[in-house]
Amino acid sequence: MLNLVLFGPPGAGKGTQSVKLVERFQLIHLSTGDLLRSEITAGTALGIEAKQLMDKGILVPDEVVIGMIRSKLTSNPQANGFIFDGFPRTIAQAEALDNLLKELHTSISGMLALEVNDEELIKRLLNRGKDSGRSDDQDESIIANRIKEYNNKTAPLASYYSARGKYTGVNGIGSLETIFNDLCGSIEKLK
Ligand code: AMP
């Protein structure tokens with residue numbers, strides 16, 4: 001199996017590149033942000049709880065996202081592999097993911113980290129907010145919270161994967177095609 005963590009701060013381009021990578025490598029895309037937004041749209045209790053935190057730019061509890069990922073992994077036993085987008089976001093989530101994959105007799109092939117500076121991120125998120133309808137992309141103070149959460153809780157994952165020899169940094173600024181080609185080149189080396 002090819003199991004990739006697509007990593008990077010909010011606005012780095014993880015969602016956009018995931019769509020292209022899924023097609024190229026025939027993987028299943030698992031975005032916890034998308035899964036949470038589906039719960040909100042469906043009006044579930046989980047969605048209602050999560051929305052309150054997402055609207056502030058704060059991470060939802062680890063158990064919630066780990067539970068969602070567990071159910072997707074176990075319901076896709078025939079998959080070629082997965083792209084994890086926006087997950088893991090904390091060390092506890094990374095450890096849980098390692099354990100879940102171990103139960104399925106597989107592991108993370110590598111983390112690909114899209115590197116983009118804060119100034120560019122804020123510009124991209126505010127632009128995305130104009131058409132995406134995502135309220136967390138439309139308010140600079142929510143965006144600032146999301147970047148703060150990323151720096152405090154998520155950025156340390158780079159060292160977690162690096163210590164396991166699984167980290168590859170990719171320049172996330174440039175044309176979509178150049179970034180996609182760089183990602184594909186790095187993935188070929190992992191296969
Ligand atoms: P995203 O679509 O990945 O930008 O996520 C939007 C929001 O959903 C985040 O700001 C968090 O509130 C929540 N979220 C998504 N994925 C996770 C995760 N792995 N852990 C905790 N919260 C998450």
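For the structure itself, look to the data block above.
Chemist: Explain the overall build of the chain here, please?
Modeler: If you tally the helices and strands in the chain, you get nine helices and five strands. Its helices and strands taken in sequence order, the chain reads β-α-β-α-α-α-β-α-β-α-α-α-β-α from the N to the C terminus. A compact globule built from 191 residues should have a C-alpha radius of gyration of about 16 Å, and the chain, at 16 Å, falls within 12% of that. Judged by the C-alpha coordinates and their principal axes, the chain covers about 40 × 40 × 30 Å. Relative to its full complement of 191 residues, the chain shows a buried share of 45%. Put simply, 75% of the contacts in the chain that link residues at least 6 apart link residues at least 24 apart. Per element, the accessible surface of the chain, about 9600 Å² overall, is 50% carbon and sulfur. Placing the 22 positive and 24 negative side-chain charges of the chain at their respective mean positions leaves the two points 2 Å apart.

Chemist: What's the story with the side chain of aspartate 85 in this structure? I'm lost.
Modeler: By the element assignment, aspartate 85 lies in strand 3 (residues 81–85). At 5.0 Å, lysine 14 is the nearest oppositely charged side chain to aspartate 85, a buried residue that forms no salt bridge. Looking at aspartate 85, its side chain comes within polar contact range of the side chain of histidine 29, at 2.8 Å. Apart from residues lying up to four places away in sequence, aspartate 85 is in contact with Leu6, Lys14, Gly15, Ser18, His29, Leu30, Ser31 and Thr32.

Chemist: Looking at this structure, how should I read the sheet that holds strand 5 (residues 167–171)?
Modeler: Two orientations exist for strands paired in a sheet by backbone hydrogen bonds: parallel and antiparallel. The five strands lie next to each other as 2-3-1-4-5, forming an open sheet whose pairing is parallel. Since the sheet does not close on itself, it has two edges, and those belong to strand 2 (28–31) and strand 5, each with one partner. Along the sheet, successive strands turn relative to each other by an average axial angle of 20°, direction set aside. Sheet analysis places strand 1 (residues 2–7) next to strand 3, joined by five bridges and oriented parallel. Across the sheet, leucine 6 pairs through a bridge with aspartate 85, a residue of strand 3.

Calculation notes
Residue numbers run consecutively from 1 along every chain, following the written order of its sequence. Only residues with pLDDT of 70 or above have their local features reported here, since the model is predicted, and side-chain atom pairs are shown and tallied only from 80 upward, although totals for entire chains, interfaces and linings are computed over all residues. Note that the side-chain values use all heavy atoms of the structure and ignore hydrogens as well as water. Helix numbering and strand numbering both begin at the N terminus, where a helix is a DSSP run of H or I of at least 4 residues and a strand a DSSP run of E of at least 2. Put simply, the radius of gyration uses C-alpha atoms, and a globule should come to 2.2 Å times the residue count raised to 0.38. The rule is simple: take the accessible area with a 1.4 Å probe, protein chains only, and divide by the maximum for that residue type; under 20% is buried, over 50% is exposed, in between is partly exposed. Contact criterion: two residues are considered in contact whenever any of their non-hydrogen atoms come within 4.5 Å of each other. Note that accessible areas follow from Shrake-Rupley with a 1.4 Å probe, and for residues the cover is restricted to the protein chains shown. In this count, Lys and Arg are taken as positive residues and Asp and Glu as negative ones, while His and the chain termini are left out. A charged residue contributes its charge at one atom only: NZ of Lys, CZ of Arg, CG of Asp or CD of Glu. Every case where a carboxyl oxygen of Asp or Glu lies within 4 Å of a side-chain nitrogen of Lys or Arg is listed as a salt bridge. Polar contacts here mean pairs of N or O atoms no more than 3.5 Å apart (in protein, one a potential hydrogen donor and the other a potential acceptor; neighbouring residues in sequence count only if both atoms are side-chain atoms). Strand pairing is defined by DSSP finding a minimum of two bridges between the two strands. The axes used here are C-alpha line fits, helices contributing only the stretch in contact, and every angle between their N-to-C directions lies in the interval 0 to 180 degrees.

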